[in-house]
Amino acid sequence: MFNKELKFISDLNLNKLQDLGSKFTLREIKNSKIHPSLFKYIEASVELEILQDRMRMQSNSKFDYSGDRINNYFSLITKEIKRVKTF
């Protein structure tokens, strides 16, 4: 019974994503009405990738990227990437 419910839920959400086509934005994923926990997982995965990229850049740089203003700019960059990036 439990396995059938899980399969139904996963198939339902997968179908919602497949209806979006081959490329879509986070906004389109959210508007597809997939389960909120799945959307949060996808969004968190994107944020993790952005953070890892930022850490690679900072570790290989000769410049100091610390400070509140710079962190604010990185936050704005993260929001913009999440807004326009297609998957």
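Description of the structure in this document.

1. Topic: the overall build of the chain
Logical step 1: A tally of regular secondary structure across the chain gives four helices and zero strands.
Logical step 2: The helix and strand sequence of the chain, counted from the amino end, reads α-α-α-α.
Logical step 3: Expected size for 87 residues packed as a compact globule is a radius of gyration near 12 Å; at 17 Å, the chain overshoots this value by more than 25%.
Logical step 4: C-alpha extents for the chain along the principal axes are approximately 55 × 25 × 20 Å.
Logical step 5: Going through the 87 residues of the chain one by one, you find that 14% of them count as buried.
Logical step 6: Within the chain, contacts between residues separated by at least 24 positions form 42% of all contacts whose residues are at least 6 apart in sequence.
Logical step 7: Here the chain contributes 16 positively and 11 negatively charged side chains, and the mean placements of these two sets differ by 2 Å.

2. Points about the pattern of salt bridges
Logical step 1: Enumeration according to the criterion identifies five salt bridges in this entry.
Logical step 2: Between Lys-7 and Asp-11 there is a salt bridge, with the nearest N and O atoms lying 3.0 Å from each other. Of this pair, Lys-7 and Asp-11 both sit in helix α1 (residues 2–18), four residues apart, which is roughly one turn of the helix.
Logical step 3: Salt-bridge contacts for Arg-56 lead to Asp-53; the nearest nitrogen and oxygen are separated by 3.2 Å. Of this pair, Arg-56 and Asp-53 both sit in helix α3 (residues 36–59), separated by three residues, roughly a single helical turn.
Logical step 4: Of the residues examined, Arg-56 reaches a relative accessible area of 44% and is grouped as partly exposed.
Logical step 5: Given a relative accessible area of 44%, Asp-53 falls into the partly exposed group.
Logical step 6: Each member of the salt-bridge network shares a partner with another, and the members are Glu-43, Glu-47 and Lys-82.

3. Comments concerning the packing of α3 against helix α4 (residues 68–84)
Logical step 1: Two elements in contact, α3 and α4, have axes whose closest approach is 11 Å; the angle formed by their N-to-C orientations is 135°. When the axes of α3 and α4 are compared, the pair comes out oblique. As α3 runs across α4, the sense of the crossing is right-handed. Along the contact surface, α3 presents Glu-43, Val-46, Glu-47, Ile-50, Arg-54, Met-57 and Gln-58, while α4 presents Asn-71, Phe-74, Thr-78, Ile-81 and Lys-82.
Logical step 2: Split into classes, the residues belonging to the contact of α3 with α4 amount to five nonpolar, three polar and four charged.

So, how was this worked out
- Each chain has its residues counted from 1, running along the sequence as written.
- In view of the model being predicted, local features appear only for residues whose pLDDT reaches at least 70, and side-chain atom pairs are presented and counted only at 80 or more, with totals across whole chains, interfaces and linings using the full set of residues.
- In computing side-chain properties, one takes all heavy atoms of the structure into account and sets aside hydrogens as well as water.
- Where helices and strands are cited, they refer to DSSP runs of H or I of at least four residues and of E of at least two residues respectively, numbered from the N terminus.
- With the radius of gyration taken over C-alpha atoms, the globule rule is written as 2.2 Å times the number of residues to the power 0.38.
- Exposure is judged per residue with a 1.4 Å probe applied to protein chains only, and the accessible area is read against the type maximum: over 50% gives exposed, under 20% gives buried, and values in between give partly exposed.
- The contact definition used throughout considers only heavy atoms, calling two residues in contact when any of these lie within 4.5 Å.
- Counting rule for charge: Lys and Arg are taken as positive, Asp and Glu as negative, and neither His nor the chain ends is counted.
- We put the charge of a Lys on NZ, of an Arg on CZ, of an Asp on CG and of a Glu on CD.
- For this document, the term salt bridge refers to a Lys or Arg side-chain nitrogen within 4 Å of an Asp or Glu carboxyl oxygen.
- Only the contacting stretch of a helix is used when fitting its axis, a line to C-alpha atoms as for every element, and angles between N-to-C directions run 0 to 180 degrees.
- Small angles under 35 degrees read as roughly parallel and large ones over 145 as roughly antiparallel, with 65 to 115 read as roughly perpendicular and the rest as oblique.
- For any helix crossing, the convention is left-handed if the near helix is rotated counterclockwise from the far helix by under a right angle, and right-handed if that rotation is clockwise.
- Throughout, the ten residues Ala, Val, Leu, Ile, Met, Phe, Trp, Tyr, Cys and Pro are labelled nonpolar, Asp, Glu, Lys and Arg are labelled charged, and all others, Gly among them, are labelled polar.

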